[in-house]
Amino acid sequence: MTERVATMGVEDMDPESVDLEYVDPETVELESVDLDDMDALSGIDPVDALGDVEAAAQQWADARARSEGVLAPLDLVDQVVVCGMGGSGIVADVVQAVAAPGYDLPVFTHKGPGLPAWVGGSTLVVAVSYSGNTSETLDATRVALERGAPVIGITSGGQLAELLDDADQTVVDVPGGGQPRHSTGSLLVPVLVALELDRDLDAAIDRLGAIAERNRRDVPTVDNTAKQLAVRLAAADAGIPALYGTRGIGEVAAYRMRCQLAENAEMRSTHHGLPELCHNEVVAWADTATAGAVLWLAEDPAEQRRIDVLRDLFADRFAWEEQITAEGDGPLERFASLTGLLDLASVYTAIARRIDPTPVDPITEMKEALA
């Protein structure tokens, strides 16, 4: 049942250095789209979501230029809470993971209305809403203002901008008209700059550019790691893929991929973190009837031995598995090295499944029903 697949390192994605088994799309148990057919790509992806992801490095660079001079009152607060939902909320997860190894202030994520009872005047609240109209984030912002907390808003406009302008709080404007999940750089970079967490931002931007160059649409599948991964994920034996990331940045990358597969490719997946899964989910691997693919997202070198042991002991429990290893010296660059590849793979997976990666009709319907 099992096929053990070579580890992928995002820094060596050129065909001469990647020992990744090439899977001919015609052999996959699914009538998937030929990802080397440029007409098919544009026909299935008319809004060009793929172009948004290919241009991630430029988006991050543009966001850095717009963020110059954005400062947070870090000397006046004892902790930071980053609020957001969905494609905006991933910013909170990334900031917390990037800050954890050595930041002086504790950083917390908050996804939902209201705020924890301990949030007050000594807490910096960062409200991230691409549209500016996310109800949960607006509610959290109102609570923060009522309690006298300083607030920084990251938004393209909407009610959030109006609310913070009226309260004389900082608002960072980001370009609108896109999809929140494909605007991560626009939303994330201003927060990193404001919190002085941007030390390896240049390296992260360079990393994103290199990944996009090696995996852009005109690079054939045989030389394109993101396309190869997409072909495999679109195949029937992938089942409901399990995405396992090492604690911190690796686990955030796994969660990000789960969200991207859901919104871009209409594909269910699960995610968990190491070492926690060794104390619960590993027991469920005895059920091989529902086994599918596994992606190991390795960012913390201290967890590599644990991954190796798990793969050796339980490789026969899965249809196939691969490891993607983060590259780079700083935490932000290492995050970029994982998500740069995975974001591209998620859009290619959508196209391979003949799914337009832009519409998210169920989310729209739910919001309209709740309004």
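Everything below is about the structure shown above.
Residues numbered from 1 in each chain as written. Predicted model: local features only at pLDDT ≥ 70, side-chain atom pairs only at ≥ 80, totals over all residues. Heavy atoms only, no water.

As for the overall build of the protein chain
The condition is simple: Only DSSP runs of H or I covering at least 4 residues are called helices, and only runs of E covering at least 2 are called strands; the numbering of each starts at the N terminus. Type-normalised accessible area, obtained with a 1.4 Å probe on protein chains alone, sets the label of each residue: buried when under 20%, exposed when over 50%, and partly exposed for intermediate values. In this description, contact between two residues means that some pair of their heavy atoms is separated by no more than 4.5 Å. All accessibility values rest on the Shrake-Rupley procedure with a 1.4 Å probe; residue burial counts only the protein chains present in the view.
Within the protein chain, the secondary structure is distributed over 14 helices and 11 strands. Taking the principal axes of its C-alpha atoms as reference, the protein chain extends roughly 60 × 45 × 40 Å. Across the 371 residues that make up the protein chain, the buried fraction comes to 55%. Restricting to contacts in the protein chain with at least 6 residues of sequence separation, those with at least 24 account for 79%. Summed over its atoms, the accessible surface of the protein chain is roughly 15600 Å², and 48% of this surface lies on carbon and sulfur atoms.

A closer look at helix α12 (residues 304–314)
Note the threshold: Arc definition: directions from the helix axis to the C-beta atoms.
Regarding α12, the residues found buried are Ile 307, Leu 310, Arg 311 and Phe 314. Here the buried residues of α12 occupy an arc of 100° about the axis, which is enough to place them on one side. Away from the buried face of α12 by more than 90 degrees, exposed residues Arg 305, Asp 312 and Leu 313 are located.

Describing the side chain of Arg 181
To keep things clear, this is the line we draw: Counted as a polar contact is a pair of N or O atoms within 3.5 Å, where, for protein atoms, one must be capable of donating a hydrogen and the other of accepting one, and residues adjacent in sequence contribute only when both atoms are in side chains.
Among the structural elements, Arg 181 can be located in the loop between β7 (170–173) and α7 (184–194). A polar atom in the side chain of Arg 181 sits 3.1 Å from the side chain of Gln 179. When neighbours within four sequence positions are excluded, Arg 181 is seen to be in contact with Gly 87, Arg 256, Gln 260, Glu 263, Asn 264, Pro 357, Thr 358 and Val 360.

Some points on unusual backbone geometry
Each neighbour pair has its own omega, and for Leu 274 with Pro 275 the value is 10°, a cis peptide bond. Take Pro 275: it is sitting in the loop between β9 (270–274) and α11 (281–284).

Some words on the state of the cysteines
Note the threshold: Any cysteine sulfur atom paired with another within 2.5 Å is treated as part of a disulfide.
This structure, assessed with the given rule, holds zero disulfides. No disulfide involves Cys 83; its nearest neighbouring cysteine sulfur is the one of Cys 259, lying 17 Å away.

Side note on the pattern of salt bridges
Quick note on the threshold: Salt bridge, as applied in this entry: a Lys or Arg side-chain nitrogen positioned within 4 Å of an Asp or Glu carboxyl oxygen.
Counted by the stated rule, this structure contains 16 salt bridges. Glu 333 is the salt-bridge partner of Arg 207, the closest N and O atoms lying 2.6 Å from each other. Of this pair, Arg 207 sits in helix α8 (residues 201–215) while Glu 333 sits in helix α13 (residues 331–352), and the two are 126 residues apart along the sequence. Like Arg 207, the residue Glu 333 is buried in the burial classification. For Arg 232, the salt bridge identified is with Glu 322, shortest N-O distance 3.4 Å.

A few points about the pairing of β7
Selection criterion: Following DSSP output, two strands are said to pair if at least two bridges run between them. Seen with the strands pointing away from the viewer, any crossover whose path from the first strand over the helix to the second strand runs clockwise is right-handed.
In this sheet, β7 lies alongside strand β6 (residues 151–155) in parallel orientation, the contact comprising four bridges. Each residue of the ladder has a partner; that of Gly 153, found in β7, is Val 171. Handedness of the β-α-β unit built from β6, helix α6 (residues 158–166) and β7 comes out right-handed.

Some thoughts on the nonpolar core
Note the cut-off: In plain words, nonpolar cores are sets of buried Ala, Val, Leu, Ile, Met, Phe, Trp, Tyr and Cys residues tied together by side-chain atoms within 4.5 Å.
Ranked by internal contacts, the top residues of the largest apolar core, which has 48 residues, are Trp 60, Val 95, Leu 124, Ile 154 and Leu 195. Per-element accounting of this core gives the leading share, eight residues, to helix α4 (residues 86–99). Ignoring anything within four residues of it in the chain, the contact list for Ile 154 reads Val 126, Ala 127, Val 128, Ser 129, Leu 160, Val 172, Val 174, Ser 186, Leu 187, Pro 190 and Val 191. Grouped together as the second largest cluster of nonpolar side chains are 39 residues, Leu 229, Ala 230, Leu 341 and Leu 342 included.

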